[in-house]
Amino acid sequence: MLARLRSDIQCVLDRDPAARSVFEVVTCYPGLHAVWLHRPAHWCWTHGFKWLGRFISHIARFLTGIEIHPGAKVGERVFFDHAMGVVVGETAEIGDGCTIYQGVTLGGTSLYKGTKRHPTLGKDVVVSAGAKVLGGFLVGDGAKIGSNAVVIKPVPAGATAVGIPARIIPSKTGESADVTDPKFQASWPDRQHRQPGAPDCAAVVRDRETLAVIA
């Protein structure tokens, strides 16, 4: 059990550059608290204590702003980053190492009880802010869902889904469909290469009321 708790904490430290200490993660990360509260709720749900499981998840929602149905299955090293407004449905499954950002819904499109209504995320899936993944299908290992995408069909392993409705960008052979690769990132402009008359982006002064860019 202690090893599992340490793994939960370490995955936050590994994936959030803003996390500075174990103490900060344990006390100030609602995504971690949501995972920890989900485990007893899920245990109650699977052992016949349905109301108690729902009540624990209700308390977790009140405390963290993250709603995980006690029937949902959450794997190891799952990180809910920021995660206010996340909703995870009853038959959803979240694989090991997934990262889920704020405003995400793992929802359903069916009202039939006893059926697989919510998505299954494979291992190491990233679901970006505001995305909606709707239906009882599989999102493959290592896939990425873009911000505000609405996904209504399966996503192959390693692919990226973007848009409304989401279109699938398959991964290249032997490569991840990861647009966070350094070659896609904008570099910080320096003083030597900025255009004449352009503001010096390195000299930005922010106070409580104004944002001034000093040339």
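The model shown is predicted, which means the values in this text are computed figures rather than measured ones.

**Overview of the environment of I56**
Right, on to step 1. Tracing the sequence through the fold places I56 in helix α4 (residues 50-64).
Right, on to step 2. Sequence separation between I56 and L37 is 19 residues, and the spatial gap between their C-alpha atoms is 7.1 Å.
Right, on to step 3. Setting aside its immediate chain neighbours within four residues, I56 contacts L37, P40, A41 and C44.

**Considerations on the nonpolar core**
Right, on to step 1. Among the nonpolar cores identified, the biggest contains 32 residues, and F80 and I94 are the most heavily contacted of them.
Right, on to step 2. Dropping the residues within four chain positions of it, F80 is found in contact with G31, V35, I66, I68, V86, V88, I94 and I100.
Right, on to step 3. Of all hydrophobic cores here, the second largest spans eight residues; its members include I9, A19, V25 and L32.

**Notes on the packing of aromatic side chains**
Right, on to step 1. Summed over the entire model, instances satisfying the criterion amount to two aromatic pairs.
Right, on to step 2. Centre to centre, the rings of W43 and F49 are 6.2 Å apart; their planes meet at 10°, and the pair counts as stacked.
Right, on to step 3. Overall, W43 belongs to the partly exposed group, its relative accessible area being 48%.
Right, on to step 4. For F49, a relative accessible area of 45% puts it in the partly exposed group.

**What about a nonpolar patch on the surface?**
Right, on to step 1. The grouping of W43, F49, W51, L52, F55, I59, F62 and L63 at the surface amounts to a nonpolar patch, some 930 Å² of accessible area in total.
Right, on to step 2. Ranked by residues supplied to the nonpolar patch, first place goes to α4 with six residues.
Right, on to step 3. Following the sequence through the fold, W43 ends up in helix α3 (residues 30-46).

**Notes on unusual backbone geometry**
Right, on to step 1. In the segment running from I164 into P165, the intervening peptide bond is cis, with an omega of -15°.
Right, on to step 2. With respect to the element layout, P165 can be found in the loop between β14 (160-162) and β15 (167-169).
Right, on to step 3. Phi is positive for H82, close to 60°, though the residue is something other than glycine.
Right, on to step 4. Accessibility expressed as a relative area gives 57% for H82, which makes it exposed.
Right, on to step 5. Of note, D124 is a non-glycine position whose phi angle comes to about 60°, a positive value.
Right, on to step 6. Within the fold, D124 resides in the loop between β8 (120-121) and β9 (126-127).
Right, on to step 7. Residue classification places D124 among the partly exposed residues on the basis of a relative accessible area of 46%.

**Observations regarding the sheet that holds strand β6 (residues 99-101)**
Right, on to step 1. Taken in spatial order, the six strands make up an open sheet running β3-β6-β9-β12-β14-β15, and their pairing is mixed. Looking at strand neighbours, the two that pair on one side only are β3 (79-81) and β15, the edges of this open sheet.

**Digging into α3**
Right, on to step 1. With 17 residues, α3 ought to run about 24 Å at 1.5 Å a step, and its terminal C-alpha atoms sit 24 Å apart, in line with that.
Right, on to step 2. Burial in α3 covers these residues: G31, L32, A34, V35, H38, R39, A41, C44 and W45.
Right, on to step 3. Packed against the buried residues of α3 are α1 (2-15), α2 (22-28), α4, β1 (67-68), β2 (73-74) and β3.
Right, on to step 4. Where α3 ends, the next residue or the one after it, G48, has phi of about 90°, a positive value.

**Regarding the confidence of the model for the protein chain**
Right, on to step 1. Summing up the model confidence of the protein chain, the mean pLDDT is 83 and the portion of residues at 70 or higher is 80%.
Right, on to step 2. Below a pLDDT of 50 lies the segment residues 183-193, which in the model reaches seven contacts outside its immediate sequence neighbourhood of four places, other chains included.

Here is what the cut-offs are and how they apply
- Residues numbered from 1 in each chain as written.
- Predicted model: local features only at pLDDT ≥ 70, side-chain atom pairs only at ≥ 80, totals over all residues.
- Heavy atoms only, no water.
- Helix = DSSP H or I, 4+ residues; strand = E, 2+ residues; numbered from the N terminus.
- Contact = heavy atoms within 4.5 Å.
- Core = buried A, V, L, I, M, F, W, Y, C linked by side-chain atoms within 4.5 Å.
- Buried < 20%, exposed > 50% of the residue type's maximum accessible area, 1.4 Å probe, protein only.
- Phe/Tyr/Trp six-rings, centres within 6.5 Å; stacked < 30°, edge-to-face > 60°.
- Patch = residues over 30% accessible without salt bridge, like charges linked within 9 Å, V, L, I, M, F, W, Y side chains within 5 Å.
- Areas by Shrake-Rupley, 256 points an atom, 1.4 Å probe, with all protein chains shown as cover.
- Salt bridge = Lys/Arg side-chain N within 4 Å of Asp/Glu carboxyl O.
- Pairing = 2+ DSSP bridges.
- Expected span 1.5 Å × (residues − 1).
- pLDDT = per-residue confidence, 0-100.

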